[in-house]
Amino acid sequence: MEFWQASNGYNLAGTVGRAQPRVTDAHFSPKATLTWEIDPRWQAKLSFGEAWRFPTVSELYQIVATGPTYAVPNANLRPERVLSGEAVIERRAADSLVRLSLFQENTHDALISQMTLMNQIYVTTNQNVTEIRNRGVEFVLQKRSLFGSGLDLTNSVTYVDSRILSDPGFSSTSGTTATGKHVPYVPAWRDTLQLTWHATKRLDLTGALRYQGKMYSTLDNTDRIANVFGAFDAFLVADLHVHYDLTKTMTADIGVDNINNARYIPLPPLHDANLER
């Protein structure tokens, strides 16, 4: 059981002040998992859960200025309700793991900042998006002593079809709509491939490739231009890491991220993650 309360909220703009109403809420978040041990190596799972996310103090009351643009708080926000389900098939062995997961998450009254018309002026404000859906598949592979050597392999790849199913409160100056678009900050593809070589009993050398597809930061997905401030570009980066056991209780580690010097913009300077065009 979760209990939530927000009180004593007050906003002041110039000489005009307003005391915000006290709000309370309580919800139950059940979760259940059914597991089938097919045999000592194979396992299947079905999981379902319901969860609630309550508005934060910033979303309810804080006014944020980014240049001439103001993000207006919303003291009347409702908590978002998430219904999620997952089906998993997994095979485990002494030196390997293979897992395939199918998942879906539907969020009602999602708390997302968006542009809307307020007093004949377009402003950015936190609102409840009626419904969004994230549906996808994840594949995980782990293998130790690849080809009988001291090489370990790990790979995790995820595809997500993220959609805004309903958002009648969205408005824009260009007449675009949000319904049917991709959910902000959710890339379609993510992949991480990692190889670790146990060169000696003390020395481990690790190389990794990380890929992430392009994300949108606007509900109507109008931010399509790459390599500019405000873009969330796709990227592929390579990382290296060295681990050495100096003694039984002391280790030394050194690593270099993005050794291929890939250039992309995941977050611009002074970025407001809730800012909409």
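About the cut-offs
- Residues numbered from 1 in each chain as written.
- Predicted model: local features only at pLDDT ≥ 70, side-chain atom pairs only at ≥ 80, totals over all residues.
- Heavy atoms only, no water.
- Helix = DSSP H or I, 4+ residues; strand = E, 2+ residues; numbered from the N terminus.
- Buried < 20%, exposed > 50% of the residue type's maximum accessible area, 1.4 Å probe, protein only.
- Contact = heavy atoms within 4.5 Å.
- Phe/Tyr/Trp six-rings, centres within 6.5 Å; stacked < 30°, edge-to-face > 60°.
- Pairing = 2+ DSSP bridges.
- Patch = residues over 30% accessible without salt bridge, like charges linked within 9 Å, V, L, I, M, F, W, Y side chains within 5 Å.
- Areas by Shrake-Rupley, 256 points an atom, 1.4 Å probe, with all protein chains shown as cover.
- Salt bridge = Lys/Arg side-chain N within 4 Å of Asp/Glu carboxyl O.
- Polar contact = N/O pair within 3.5 Å; in protein donor to acceptor, adjacent residues only side chain to side chain.

K.L.:
I would appreciate a short explanation of the environment of Leu60 in the present structure.
P.N.:
Among the structural elements, Leu60 can be located in helix α1 (residues 57-61). A relative accessible area of 2% places Leu60 in the buried class. Put simply, Leu60 and Tyr10 are 50 residues apart on the chain and 10.0 Å apart in space, counted from C-alpha to C-alpha. Ignoring any residue separated from it by four or fewer positions in sequence, one finds Leu60 in contact with Trp4, Ala6, Pro55, Pro73, Asn74, Ala75 and Leu77.

K.L.:
Any chance you could explain the packing of aromatic side chains here in plain terms?
P.N.:
What the rule picks out here adds up to 4 aromatic pairs. Ring geometry for Trp4 against Phe54: centres 5.5 Å apart, planes inclined by 10 degrees, an arrangement best described as stacked. Here Trp4, found in strand β1 (residues 2-6), pairs with Phe54, found in the loop between β6 (42-53) and α1; they are 50 residues apart in sequence, far enough to count as distant. Of the two residues examined, Trp4 and Phe54, each falls in the buried class. On the basis of an interplanar angle of 20 degrees and a centroid distance of 4.3 Å, the ring pair of Phe235 and Tyr264 is categorised as stacked. With Phe235 in strand β15 (residues 235-245) and Tyr264 in the segment after β16 (251-256), the pair connects residues that are 29 residues apart, well separated along the chain. When its relative accessible area of 24% is taken as the criterion, Tyr264 is described as partly exposed.

K.L.:
What is the right way to read the pairing of β16 from this model?
P.N.:
Here is the key point about a regular strand: its side chains alternate between the two faces of the sheet. Pairing of β15 with β16, which is carried by 6 bridges, proceeds in the antiparallel orientation. Bridging across to β16, Val242 finds its partner in Ile254. Taken together, β15 and the strand that follows it, β16, pair antiparallel across an intervening segment of 5 residues.

K.L.:
For this particular structure, what's the right way to read a nonpolar patch on the surface?
P.N.:
A contiguous nonpolar surface patch, about 600 Å² in accessible area, is contributed by Trp36, Ile38, Trp42, Ile89, Val98, Leu100 and Phe139. With respect to the secondary-structure elements, Phe139 resides in strand β11 (residues 121-143).

K.L.:
Explain the pairing of β6 to me, please; I cannot follow it from the model alone.
P.N.:
The pairing of strand β5 (residues 31-37) with β6 spans 7 bridges and is antiparallel. Counted as the bridge partner of Trp36 is Ala44 from β6. Two successive antiparallel strands, β5 and β6, enclose a turn made up of 4 residues.

K.L.:
Please clarify how the environment of Arg78 should be interpreted in this entry.
P.N.:
Counting through the fold element by element, Arg78 comes out in the loop between β8 (69-72) and β9 (80-93). On a C-alpha basis, the gap between Arg78 and Pro55 in space is 7.2 Å, while along the polypeptide they are 23 residues apart. Here the side chain of Arg78 touches Asp109 through a polar contact of 2.9 Å, side chain to side chain.

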